[in-house]
Every structure is written in structure tokens, then in C-alpha cells.
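Coordinates in review
Residues per chain are reported as follows:
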Amino acid sequence: MSWLVYLVGAKLNEVRFLKYFYNSILIGCLACCCSVSVFAQEQDTISTTTTLKEVVLKYNNSQHKKHVSPAPVQTLDGATLTRLNSLNVADAIRYFSGVQLKDYGGIGGLKTVNIRSMGSQHTGVFYDGVRLGNAQNGQVDLGKYSLSNMEEVSLYQGQRTDLDQSANGYASANSIYLKSKLPDFENEKKYAADLTFKTGSFGLVNPSLSFDYRLSDKLAARISSELVSADGEYEFRYTNGSYDTIAVRNNADIKSYRLEAALYGNPSEKSSWQIKYYFFDSERGLPGAIVANRFERPQRLWDQNSFVQGEFRYEVSDSYFFVIRGKYEDVYTRYVDPEIVSLDGILDNRYNQKKYYTSIVNTVKLKPFWDVSLASDFEESTLDANLYRFAYPKRFTLLNALASNFFFKRVNLQLSVLSTTVYETVQAYDSADDFQKFSPSVLLNVQPFQNSDLRLRAFYKNIFRMPTFNDLYYTFVGNTFLRPEDSEQIDFGFSYQHANPSAFFEVQADVYKVWITDKIVAVPGANLFRWMMLNLGKVETTGVEVGLKSSLKFTADLDVTGMVNYTYQKSIDVTPGSNSYGDQIPYIPLNSGSATVMAGFKAFQLNYSFIYTGSRYSQKANIESNYVQPWYTHDLSVNYTFPFFENPMQVGVEVNNVLNQQYDVIKNFPMPGRSYRLTLNYTL
Amino acid sequence: MKKFLLLFVTVLSVYSCRTDDTFSVDDDIQQPEEPDVESVLKGFYVVNEGNMFMNKASLDFMDFESGEYKRERFKDANPNEVGGLGDVANDIGIYGSKMYIVVNASNKVEVLDVKTGEKLKQINVDNCRYITFYEGKAYLSTYLGVIGDPSAPQGQVNEIDTTSLSVTRKVDVGRQPEELVAYNNKIYVANSGGYSPPDYETTVSVIDIPSFTETKRIEVGINLHRLKIDDEGDLYVSSRGDYFETLSKLYVVDTKTETVKKTFDLAVSNMTIHNNIAYIYSTEFNYFTGENTISYSKLDTKTETILDGSFIAAGNEDLIQIPYGIAINPDNEDIYITDAKDYVTPGDLYCFDSDGEFKWKVVTGDIPAKIQFVYQPQ
């Protein structure tokens, strides 16, 4: 990773400075309470400075990366994730600015993100460097991904600029990177284990287990497994100010099971590989919209997802390395609706997606200040469904990305161009046309002054999202003439970081504009009884994002970290001839934000967070009957860590939505009021 | 840290402006016509479907006496009704002093007092579609007789006593029945079979009212929807086709012989029959332009021939994006057409005179679907 060292080199002074700061703060705070693994290190290795330095450096690196990255980056690391009241990735994403979470409520409810008002299909979600996809509807349910096996969650606006990424790293308007936990051994121990049990409101029973085993110096294995079971029931208040009643959310139960098994190899200094098997199986009720006279619905969903993915890295020389990645994925979904009975009985739709993916990335250092990377991805996706007049589509996607990074002392520039080639075939009826396009992007980070505290950044990116299989082929609704939905973004921002031995302060701010054209929307179609997908919409978004973070160390035993994020988004429907021309698009608040305070005192941690989402409209017209109230929740948690049979045991209590606010994120999908969670965690 | 706290407090105080009371009634009254106290008609109700899961069904009233068009009549008259009118109001009918609103996705029929709009009773019927009346009874079509029984794909017609307001009898008909009429001691109901494509239904079910049994199925065409009756006892039945190869058509069924006597190659979206003229509009969609071509035609139900020209004056067709509901004022023959636009924004109601010239327009609720005239009390 010499290129990274080079990059870091420019900032060496500051890194050293920060290291000093973190050395002192981390021993006092992180080590005693942040994450259990860090705790474990503190327990046994408090004198082993090497381990500690790694922790410190890691922390530094993510801060530093944020500072010099040409693309705005937001990151939550494992330690912070444990402290925030979060069960899954969707819960954690709420703390980022620029993000609107679409949450249909409850533990089993669908949770997707809409970043910078572009729509969830524009966001690429990557798990350990490989994209999680859903060719059927183009969106990833982030509620499905548990945080119990997550080391880091990051959001990149524009694109990630690391040159080890595959071509699809360049292929979306913004990206969420999920990094799973790696085997973590103390000293000479051959194994590590982590047992967690969570329980609380909604009948939640959530045991999880991870086990790391060192097979040799060059080979380690990790197994992580989890069960989530909940009846999902909660009381909610249903009122419009005139009528007022209390009801219980029904058919919101979920049972899900996750298993991950991975092998990590490190055959030499120059090479590394990993291979992972992932399995997820769930059954859940779909509680549906609450409407007059309908407080209970019978629809059910089964979801089974398995994949094998692997990565091999080889550093051939100081100036050349390559990465190979591959994946096979199988997604099975079954939807049952007893309210629709046909000649074949109850409606029982089954969908099966398969995906094959390979990627090779070649990166060359042409000059000490100049790296060039060529990444090529090939992907084949198929969708089978037991639907009437289904096309059985197969999509071949070939992505080639040429990217070039320039690092100068005070300037850091990425130029990239992505070529997308799509061939589509169907077994029946019509297929979409083949497609080819080049998409450029430019990203820049500049240090304007001698002092490295302030860095300016800017980027331009033009990209698109392909129509999904549902957009193209869904019986009656799909339209094979669809073009991709285009996005164009410009962003200007800055990062200010300042540290002294007892304090760290940071401001991240961006202003941006996003233009979405050829937006794929459903419109009344061929006759009164059909909808049809068309490239009709145009949306123009102007946004501001501000993030503040400050860490203060008062005494050796007391430290406080505060974070504030604010987002302003004006997202206007500018579709020519639209009935709602000039109106704010649905579910995008003008103002939203979050504030978090995390305090550590000896073995205690106290965390408070506040999340605010301003008023929105549930449909296109900005009229009173579509108005959705702002909502804001206050969440509290306390963790206490103590030795138990010589190993750390952590007990945590959370109270979420402390003030019991009754709110909807999506109209007619009521969210839970006050809820509780108890966490027990034991590491050995 | 102080900075943070300050900011935080500011955030809290500035944005904690959540109003507790969101209930409000749109008092934005539109006045498209001059007050007319002499009018034979008291006015008409417009029922707005609202998009599914949005729970936005609503009721508007055009009051000829005051010349005013008032929104949200149901909410106004029944502020404490939990959830309001509900999700997707599909049909409206008046019989005597009572008004019946069929709220499809809320599985209910709301029975209201015509004069005040106040709720009298709610009748729960799953997946109910259309309503008609005959000799003291209301007849209601429902997509499925039993919910969740895999061996029961057929629909039903329910009989509701208009005095006790309860379901008295039920009869199985074809799958997913739509519009229905009662005539000469019989009920004719158009079966669609929409849940089992491509095995659509092709028949009109005939129910004998005294015995309340299905006595016959008249073979007509696939995927039937609209069903109106003219003065001679002929049924005008629209077939939606299969949306692909089989095109939409209009059939004329003679109730004396209970057979199809005439077929028109006309894609009927909706129609109404007034004074021996069927006013029909058809919608055709162009895949390439993404636009609908809409035509407005008249059909003479006596001669059973399509009359030349449009019933909307030239140039006025462009006003309407998606015509949805249609009615003819029985008094002055004004033509009312509702415009559902893109289904997700409030619609419009257009009034044209009998020559098709534009008179006025008002803003309605979302997806204005059906117009029901109210006569002055005798």
C-alpha cells in the first residue's frame, strides 16, 4: 500500500500531531469503553504499544482520509457504531448528512436510503468491496444488514477515489461502503469469540455470535452468525387532530437468520486473499399502510439471499498491483397475498435472481505523484418469476473504468471515465435495447494555505442508473423503451480539522447541485387501469451539508465527543408541463439533521442522539392534504463494562424515542413510540 | 462544546415546531356558477378515489343553489370518523335520502345522509366495487366473496337492505365482477376475471332477484368493466381486452334475448347514457410519445350508430390530461368531465355546455372518479 503511504506522507506532520492526541485520548477513552475489541486490547496489552499504535493509526487514517478526500466522505467506525443506538445499517445511516432514510417502520420494515434526493437506485452499496445489487428493483434494503458484524460504514458522495476499487465503484452517483469485521487476535491467542444477546421491545430476541480462529500465521477464519426474532408489535396513535385512537401494529413479525463464514489468507507480504460465504434467510409479515377500517393485513414476504465472494490482491512491484474479485449470488423472494385469489389459488409470487460477477483491477504508479488504474467488471444478472407474461430477462454488463490520481503536496486530483456496455436478452416478448455510454468525473482536493487544517474540495460527476428489471419488464407496467435515468452533480466543500493534545475539532461542509433527468416515473398508461414506467421526470436539487465534530478530553477518565450534522435540500420538480412544477419532491424535507453526544467516564459510556427530519410532502403536490409532520427523536443509551471471569462483559441499556413521539416517515406507516433495548456482550 | 450545546438548543427550539393539531378543513370555496335557487337539481357530489395506501378518498359537493363547489364534505360532516372516508373510493350512489359510498381498499360502504353528509352506518364488505339500487335494496359487487380461500376465486353480489342497512343475501357470480345494473327483476353484472390473466372472464352474469341465484352467463367479451343500460333495455358493456393483442371493445347486449346484438371497435374508458345518447370517451396510449390520445364520441342508442364528431368543441380536448369520470346534467345537458391528471395531484372538474364549449373548471380531490346528482327533495 505504498501509494497510501505516499498520500499520508503529505500530512505526516499532522498525523504525528494527531497521533499524540489520540494516544492520550484513546488510552483513556476508546480503550476503556468504545468497542469491546479495543477494551480487550487494553485489558491485556496496555503495555504493548504496537497494538495500541495500530488502533490509533486506524482512527487517524479515517479522519485523515476524510480531510484529503476529493469526494465528501462520512464514516462511522465500529466503536462508534456500538455506541450509537443502532441495530442495522439503516439505523446507522441516519447519522450521516444528506441522507433521507425511507423507513416503513418496525424491525422488519423495508429501509432504503435516498441520498441527496437522487432516489435509492442511484446509491451503490458495497460489502467488502463488492457491490450488493438488486437487479429487480435496484434498491438495497439496509434494514437487512446487521451491524453486529460491521467494522465500518462509510458514505461517499460522488465516488470513492481509492484506486484499488472495481469498475462498479465508479458506476453510481454515491456509494455506501460496508466493511465487515476481520479476525482479531490478542497476542498469541489462537481464537477470539464474541457473544451478544439483545432483547427488548417488539418481542425482540437477537442473539449473535462470532468466532475467529487462527489456522496458521498466514491463514485465519471467521464465522459470524445471528438470529433476529420479533413479533414487531407496537402501539401507535392514529390521529388527524380530530379523530384520535390507539391501535397496535399487526403482521409486523420477523424471523431472520444470518450466517457468514470467511477465510483470510496472507501468503506473503505482497499478497492477500479472502473468501466469504454469506447466507440470509427471513420470513416477515408486511404490516402495510394504515388506512380507514384497515389495521391488519395478511401479506407475507420470504427472502433468501446467499452469495460467495472473494478477493485476491497482489503487489507485483512497488509500482504495480492488481486485485481480482468475484462473486456468485442467488436471491430468492416470495410474496404471498391472500387477498388476491386467482384460478391458481392465493397469489404467490416467486422471484429468483442470479448474479455472476468478476472484476480485475490493475493499478500502476507511473510517477511518484501519478497513479493510473484500469478496472474491468463483467456481470451477468438474470431474473426468473412466476408472473404472467414474464420476459425472463438476462443482462450482461461490461464496465471499464480508467482512473488517474495525482498527488501533489497540496493538490489531490482524480480524473476518471467509465464505459458502460449493457446487452440485454429475454426469453419471451421484447427486450430493452443494448446500451453503451461513457461517464466522466473529476474530483479535486486542494490545501489553500501552508497550514494543513483547511482543505477545499470539489467534484463533478455525470452518471446514470439503468432501468431495473421491474421498470422494464414488470407485466403491464414495464416499458422496454426506457432509457437510463441520468444524474449530474457538482459539489464544492471544505474540510477543517484542528487538533491539540486534549481536543479535536472538525467541520465538513458542502454545497451541491444535482440534476436528475429522464427520471423513471410511473404514469397513467394505456388506459385507465394501467400504470406505465416512463422517462418523464426532471428534478433539480440544491443542497447544503454541514457536519461538525468535536472531541474533548477533560481528565484521564472523562472524554466527550459531539457531532452535529445538518442538511438543507431544495429538490424541485422541473418536469416540463408537470402538474407540480416548482414543487418540492415527495419525502424530501428542506431541513434535516442530527446531533449526538457521546461521553465516556471510566467504565461507563453515556450516549445521546437527536435526529430531526423536517416537514415533507407525501405526494407531488405541495398541498396541505399531502403535508407530513416533522419528526424528531431523542435516543439515550448507557453502557457499562466490567471484567467477568477475566474477560470483558458489557451491559447496555437503550431507550429510543424517549419522548414517545408518534410519527410517520412514510405516510400511513406509523413508527414505533418509546422503545427499550438491553444488550449483553461478552468477549473472550 | 459550548458551541455545540448552543447549536443544539437552537436546533431544538427552532425546529420543534410540530403542530399538534393537523386537522383542518379546506375552506377554500370555489364558486364556478351563479347562485340558482330555482334549480331543479340541488347539486352533485363528486367522489375522489385517492391513490391506494394514501387513504385520501374524499367527497366534494357542487351546490347549485349557492353556485359553490365545496371540498372535503365527508371530513366536514364526520370529523371524528377514524381514518376519514378511507382508501380508494370507487363508487357512489343515492337511494332515497341515503347516499352510499363504496370505499374499495377500506373494505367498506359508508352510508351517509344525503342532505347533511353525516354518517348513518358503515357496512363492511371486503374489496367492494360498484353499487346499484332496485326496489328498496342496494346491490354491491365485490371482487372476492371470501378472502384468503384458495378455492374461491369467484366474486359476489351482495344485497343490502336500504332500511336496516345490513347485508341480507349474497350470490356468487364470475370472477372480479365490476359494474352492474338491476332491471326487470334481474341484476346484470360485468365479470372481469382480472386476477387471473390471461384467463379473463368473458361473461355478464344474470341474477334472478327473487330467488337471488345466478341464472345465466351471457357470453360477451374478455375482461368486462363498464355496464350501462339504455331506455330500451339494452346493455352497453365495455371490454378492456387483454391490454396486448386483444383490443378493447364495446358490446350491446339485448336483455330480452340476453345475447350480444352489436359490437363496436371502440376502446371505452368510461361512458354515460343520457336521453338516448351514450357519451363515450376512449383513451389510446402511444408507447413512443408517452402520451394519451383521447377521443370523445357520441353513440345514438336508438339507432345504435356512432355519431360524427366529438362532443367536446374543437380545441377543448387539450384541456384534459386523463378524463376519468363523466356525467350529463339532466336539467340543462351540461357535460361534466373529471380530469385525474397524473393520479397523484389533485384533479379538475370541467363543465362544458351541451355544444361542448368550455364553461368552467374547479379543482377537486385526488382522482375525481364519479359524479352523483342530488335532486331537490320532493
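Our subject is the structure listed above.
Residues numbered from 1 in each chain as written. Chains lettered and ligands numbered in written order. Predicted model: local features only at pLDDT ≥ 70, side-chain atom pairs only at ≥ 80, totals over all residues.

Moving on, we get to the overall build of chain B. Broken down by element type, chain B carries two helices and 28 strands. Over its C-alpha trace chain B gives a radius of gyration of 22 Å, about what one expects of a compact globule, namely 21 Å for 378 residues. The principal-axis extent of the C-alpha atoms belonging to chain B is close to 85 × 55 × 50 Å. Taking all 378 residues of chain B together, the buried fraction comes to 47%. Put simply, 44% of the contacts in chain B that link residues at least 6 apart link residues at least 24 apart. (Helix = DSSP H or I, 4+ residues; strand = E, 2+ residues; numbered from the N terminus. Rg over C-alpha atoms; globule rule 2.2 N^0.38 Å. Buried ≥ 20, exposed ≤ 12 C-beta atoms within 10 Å, placed from the backbone. Contact = placed C-beta atoms within 7 Å.)

We now examine the interface of chain B and chain A. Each partner contributes residues to the interface: chain B has 60 residues there, and chain A has 57 residues. Secondary-structure elements contributing two or more residues to the side of chain B that touches chain A are α1 (2-15) and β21 (277-286) of chain B. The element that contributes the greatest number of residues to the side of chain B that touches chain A is α1(B), accounting for five residues.

Glancing now at the pairing of strand β15 (residues 213-219) of chain B. Residue and element names in this part refer to chain B. Pairing of strand β14 (residues 203-208) with β15, which is carried by six bridges, proceeds in the antiparallel orientation. By the bridge assignment, Ile207 is partnered in β15 with Glu214. Hairpin remark: β14 followed by β15, antiparallel, with four residues in the connecting loop; positive phi at Phe212, about 50°. (Pairing = 2+ DSSP bridges.)

Moving on to unusual backbone geometry. A cis amide bond, omega 5°, links Pro197(B) with the succeeding residue Pro198(B). Inspection of the secondary structure assignment puts Pro198(B) in the loop between β13 (186-191) and β14. Here the phi dihedral of Arg389(A) falls at roughly 55°; this positive angle occurs in a residue that is not glycine. Along the chain, Arg389(A) turns up in the loop between β18 (370-385) and β19 (393-407). In this structure Arg389(A) comes out as partly exposed when scored by C-beta crowding, with 16 C-beta atoms within 10 Å. Of note, the phi angle at Leu165(B) is positive, near 55°, even though the residue is not glycine. Mapped onto the elements, Leu165(B) comes out in the loop between β10 (156-161) and β11 (167-172).

Attention now moves to the nonpolar core. Note that soluble globular proteins tend to have their nonpolar side chains buried in a common cluster. Among the nonpolar cores identified, the biggest contains 87 residues, and Ile101(B), Val102(B), Leu140(B), Val204(B) and Val237(B) are the most heavily contacted of them. With five residues, the single largest contributor to this core is strand β5 (residues 98-103) of chain B. Beyond its immediate chain neighbours, meaning those up to four positions away, Val102(B) contacts Ala89(B), Asn90(B), Asp91(B), Val109(B), Cys128(B), Arg129(B), Tyr130(B), Ile131(B) and Leu140(B). Among the nonpolar cores identified, the runner-up in size contains 67 residues, and Leu76(A), Leu142(A), Phe459(A) and Trp631(A) belong to it. (Core = buried A, V, L, I, M, F, W, Y, C linked by C-beta atoms within 7 Å.)

This next bit is on the pairing of strand β8 (residues 191-200) of chain A. All names here are of chain A. Two strands pair when backbone bridges link them, and β8 and strand β9 (residues 204-216) are joined in this way by ten bridges, in the antiparallel orientation. Paired with Ala193 across the bridge in β9 is Phe211. Here β8 folds back onto β9, and the loop between the two strands holds three residues, one of which, Phe202, carries a positive phi near 65°. By the bridge criterion, seven bridges tie β8 to strand β35 (residues 675-683) in an arrangement that is antiparallel. Residue Thr196 lies in a different strand from β35, and its bridge partner there is Asn681.

Turning our attention to the sheet that holds strand β6 (residues 150-157) of chain A. Residue and element names in this part refer to chain A. Here we have five strands laid out as an open sheet, ordered β1-β6-β7-β4-β5, and mixed in their pairing. Of all strands in the sheet, those with a lone pairing partner are β1 (73-77) and β5 (130-132), marking the two edges. On average, each strand axis in the sheet is tilted by 25° relative to the strand beside it, whichever way the strands run. Relative to strand β7 (residues 174-180), β6 runs antiparallel, the two being bridged by seven bridges. By the bridge assignment for β7, Val153 is matched with Leu178. (Axes fitted to C-alpha atoms, helices over the stretch in contact; angles between N-to-C directions.)

What follows covers the environment of Glu283(A). Residue and element names in this part refer to chain A. For Glu283, the location among the structural elements is in strand β14 (residues 271-285). Under the C-beta neighbour-count criterion, Glu283 is labelled partly exposed, with 16 such atoms within 10 Å. As a C-alpha pair, Glu283 and Lys255 span 28 residues in sequence and 5.5 Å in three-dimensional space. Excluding its chain neighbours within four sequence positions, the residues that come into contact with Glu283 are Lys255, Arg300 and Trp302.

All names here are of chain B. Ordered in space as β8-β9-β10-β11, the four strands form an open sheet in which the pairing is antiparallel. Unpaired on one side and paired on the other, β8 (128-134) and β11 mark the two borders of the sheet. In this sheet, neighbouring strand axes are inclined to one another by 20° on average, regardless of whether the strands run parallel or antiparallel. Here strand β9 (residues 137-142) runs beside β10; their pairing, made up of six bridges, is antiparallel. Across the sheet, residue Lys137 finds its bridge partner in β10, namely Asp161.

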